[in-house]
Amino acid sequence: MASRLRKWQTEYLGRTLVTAFGLFVVVLTLGILGFLGYKGSATFIDYGHSLTEFLISSKWSPGEAGQSGSIGSAVFIIGSLEVSSLALLLATPLSLAMAIFIAEVAPQRLSTTLRSVLEIFVGIPSVVYGWIGLAVLVPFIADLFHLNFGFSVLSAALVLALMICPTITSVATDSLAATPNEYREASYALGSTRWQMIWHVKLRAAIPGILTGVVLGLARAFGEALAVAMVIGQSNRFASSLLAPTNTLTAVITANMGNTTTGSEYNDVLWSMAALLLAISLLFILLIRVISRRGQAS
Amino acid sequence: MRIKIRKTLIVLLSVFLLGFSLIGCASTSNSGANSSGTTGTQSQSSNLSGSISISGSSALYPLANNAATAFKKDNPDVSITVGGGGSGTGLNNVLAGTVDIGNSDVYATEKLAAAEAGKLVDHKVCLIGVAVIVNSDIAAKVNDLSTAQLTAIFSGKTTNWQDVGGPDEQITIVNRPSSSGTRALFVKWALGGQSDVEGDSSLQTDDSNALLATVGNTSGAIGYIAFSYLVNAGPGVAKVRIDGVDANYDNIYSNKYQIWGYEHMYTAGQPNAQTQAFLDYMTSKTMSTQAEIMGYGTISKLNAAAAASR
């Protein structure tokens, strides 16, 4: 009896636990997917709005208390897209340069130090980035461009760029470091300079990994709520320039979720936005998969 | 041996975590059962005990929290938890039975469908006034705005302070989100319900403290905020008079100043004994004095015309 119990402990307990938790994660993910799909569809089923209105219209005045209004979310969708793509545009060259420096140029000691510094950077909570943005960047932008206020697409993109830079850098560094050493040797043997070796050989070999980092950064930028909400200005208008405020999907959800009641159109359209965010994130993940598969194939 | 200890630790930790998540799920249903169970037994007892949970409106939160601390001193056997989350959260929670009291800046009928609002009992505990504030660089020249001027500013027709007697400076509107209770009061009573308050371009802040900071830091900014947030406000912002009337409670009591609303504490059906006692305490004389210090108004001081206006 005792030995049986012992056997159960050593053999099956761990397996059962691990399986249980594994299944739990699967159920949780499917649950969230199903829940968001269900909650998000109420806007279209219960309140009879069309998907086109949600995606294309910019008329935003959702109803409460059983009333129905307009739910055009184009401003927020465009806002999210422009802020995160601008952040990506700013962060990618910088991250790539840093990654090359850490993986190829820097001496071993410095490279190790830089990697740990990067890890610290990845761990800084987004509220800190947002706060620094609000306290330093927003007034600076206002001064620099002689504006009344510095809340703008540019401020949000800069904060996000700073935030996703370490993510992209560390994934790109790993991927550069993981390229086989033979590539380097072969390229030197053919008489290439160090830069030619880095640019034409190593970087090309590491491209799938670098792209994965870029998409990860994009996903983080797209899903970030707090830091963006603090510096974007949350204006429900399309941004007329990079220096104008606008609003994003995540900021609208955080600003209004506490003020609306379950089952109201306002609350339901927030769920639709959440479902849209998830759908776009899934798209990004799919993109990563395709990229890394293509990388393996070549 | 060491491996065994490590394994046991892992198992214990996992069980602990799993247990935690289960407790998390169960506790909400427990508290629901408790509050309904105590209704019968507690109502005759003079010595109050049990628990009261409150959530909702962030404008009412400081007062509710203050009252809870004072109430617990008198009734040591009652435990009270007060949370914020916004008026919608308060109404949601009280309707779902997860809290005993849901705080709201607006009538439940403005947020919930009629059938759901009908299940809730309204307890008006105090008044909240909403003031129009401007950045202090404007205040020297503009200290009075007419309702018509306000409407023109917030609809984007007036975009420069010059047009209302101020300096040559662009007007920056600072709003609360369109689901905010403060915004609802402002739109209804200052702008006569005009739905577009965002002008050509306006900023928006999640909460009133952020609004105070943004108006204070942005030259040419205008916004609106509950009186309670202005009690300890710095010199960066200044109140403006509306149609020549100062934004204060005396003018609200005498029906001269219109931008105000009731603060509501909603219960699902009739409250249990300890909750009823707390609601009574909220409107007691001691609490009214405290409320006025903190920037809220007393309902009983409204004159007949002001009371009839809502």
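Here is what the cut-offs are and how they apply
Residues numbered from 1 in each chain as written. Chains lettered and ligands numbered in written order. Predicted model: local features only at pLDDT ≥ 70, side-chain atom pairs only at ≥ 80, totals over all residues. Heavy atoms only, no water. Helix = DSSP H or I, 4+ residues; strand = E, 2+ residues; numbered from the N terminus. Buried < 20%, exposed > 50% of the residue type's maximum accessible area, 1.4 Å probe, protein only. Contact = heavy atoms within 4.5 Å. Areas by Shrake-Rupley, 256 points an atom, 1.4 Å probe, with all protein chains shown as cover. Buried area = accessible area lost by both parts, 1.4 Å probe. Salt bridge = Lys/Arg side-chain N within 4 Å of Asp/Glu carboxyl O. Polar contact = N/O pair within 3.5 Å; in protein donor to acceptor, adjacent residues only side chain to side chain. Nonpolar A, V, L, I, M, F, W, Y, C, P; charged D, E, K, R; others polar. Domains from an automatic or database assignment. Core = buried A, V, L, I, M, F, W, Y, C linked by side-chain atoms within 4.5 Å. 1 Å grid on protein atoms, 1.4 Å probe; cavity = no way out; pocket = protein on both sides within 12 Å on 5 of 7 lines; lining within 4 Å. Points joined across faces, edges and corners; volume = space filled by probe spheres on them. Phe/Tyr/Trp six-rings, centres within 6.5 Å; stacked < 30°, edge-to-face > 60°. Lys NZ or Arg CZ within 6 Å of the ring centre and 35° of its normal.

**A few points about the overall build of chain B**
The number of helices and strands found in chain B is 12 helices and 11 strands. Every one of the 310 residues in chain B was classed for burial, and the buried ones make up 50%. Long-range pairs, those at least 24 residues apart, make up 78% of the contacts in chain B with a sequence separation of at least 6. Here chain B displays about 13600 Å² of accessible surface, and carbon together with sulfur accounts for 55% of that area.

**A closer look at the interface of chain A and chain B**
Counting from both sides, the interface comprises 28 residues of chain A and, opposite them, 36 residues of chain B. Among the residues chain A hides against chain B, the three largest losses belong to Asn148, Arg237 and Asn259 of chain A. Together they make up 23% of the total. At the boundary of chain A and chain B, one finds 1 salt bridge. The shortest N-O distance in the salt bridge between Glu64 of chain A and Lys111 of chain B comes to 2.9 Å. Put simply, chain A and chain B have 12 residue pairs in polar contact (both at pLDDT 80 or more) between them. Here the side of chain A that touches chain B takes 5 residues from helix α1 (residues 2–45) of chain A, the largest share from any one element. Residue composition of the side of chain A that touches chain B, by class: 10 nonpolar, 15 polar and 3 charged.

**What to know about the domain arrangement of chain A**
Where interface size is quoted, it is often the accessible area lost as the parts come together. Residue and element names in this part refer to chain A. What the domain assignment lists for chain A is domain 1 (2–47) and domain 2 (73–297). On a C-alpha basis, the centroid separation for the pair domain 1 and domain 2 is 31 Å. Between domain 1 and domain 2, the residue contacts involve 9 residues of the former and 12 residues of the latter. When domain 1 packs against domain 2, close to 920 Å² is buried across both sides, 71% of that on carbon and sulfur atoms.

**Some points on the nonpolar core**
Residues Leu150, Phe154, Ile222 and Phe278 of chain B are the most contacted members of the largest nonpolar core, which totals 78 residues. At 9 residues, strand β4 (residues 120–135) of chain B tops the list of elements feeding residues into this core. Val75, Phe76, Ile164 and Ile253 of chain A belong to the second largest nonpolar core, which has 61 residues in total.

**Considering the layout of surface pockets**
A volume near 850 Å³ is recorded for the largest pocket. Every residue lining the largest pocket is counted, 28 residues in all, and those nearest its centre are Ser61 and Pro62 of chain A together with Ser178, Arg183 and Ser195 of chain B. Elements with a minimum of two residues in the lining of the largest pocket: β1 (60–61) of chain A together with α7 (181–189) of chain B. At 5 residues, α7 of chain B tops the list of elements feeding residues into the lining of the largest pocket. For the lining of the largest pocket, the class distribution of residues is 8 nonpolar, 11 polar and 9 charged. Considering only enclosed or pocket space, the second largest pocket measures out at about 560 Å³ in volume.

**Observations concerning unusual backbone geometry**
Even without a glycine there, the phi angle at His146 of chain A is positive, about 55°. Within the secondary structure, His146 of chain A is located in the loop between α5 (126–144) and α6 (153–177). With relative accessibility at 72%, the residue His146 of chain A sits in the exposed group. If you check the backbone angles, Asn255 of chain B has positive phi at about 65° while not being a glycine. Note that Asn255 of chain B resides in the loop between α9 (249–253) and β11 (260–268). Among the residues examined, Asn255 of chain B registers a relative accessible area of 22% and is labelled partly exposed.

**Looking at the packing of aromatic side chains**
All names here are of chain B. Across all of its chains, the model carries 16 aromatic pairs over all chains by this definition. Summarising the aromatic geometry, the rings of Phe227 and Tyr257 are spaced 6.1 Å apart at their centres and angled 45° between planes, so their arrangement reads as tilted. Taken together, the positions of Phe227 in the loop between β8 (221–226) and β9 (237–239) and Tyr257 in the loop between α9 and β11 put the pair 30 residues apart, joining distant regions of the chain. When its relative accessible area of 1% is taken as the criterion, Tyr257 is described as buried. Positioned over the ring face of Tyr262 is Lys124, at 5.2 Å from the centre of the ring. One residue, Lys239, lies across the ring of Phe227, its end atom 5.3 Å from the ring centre.

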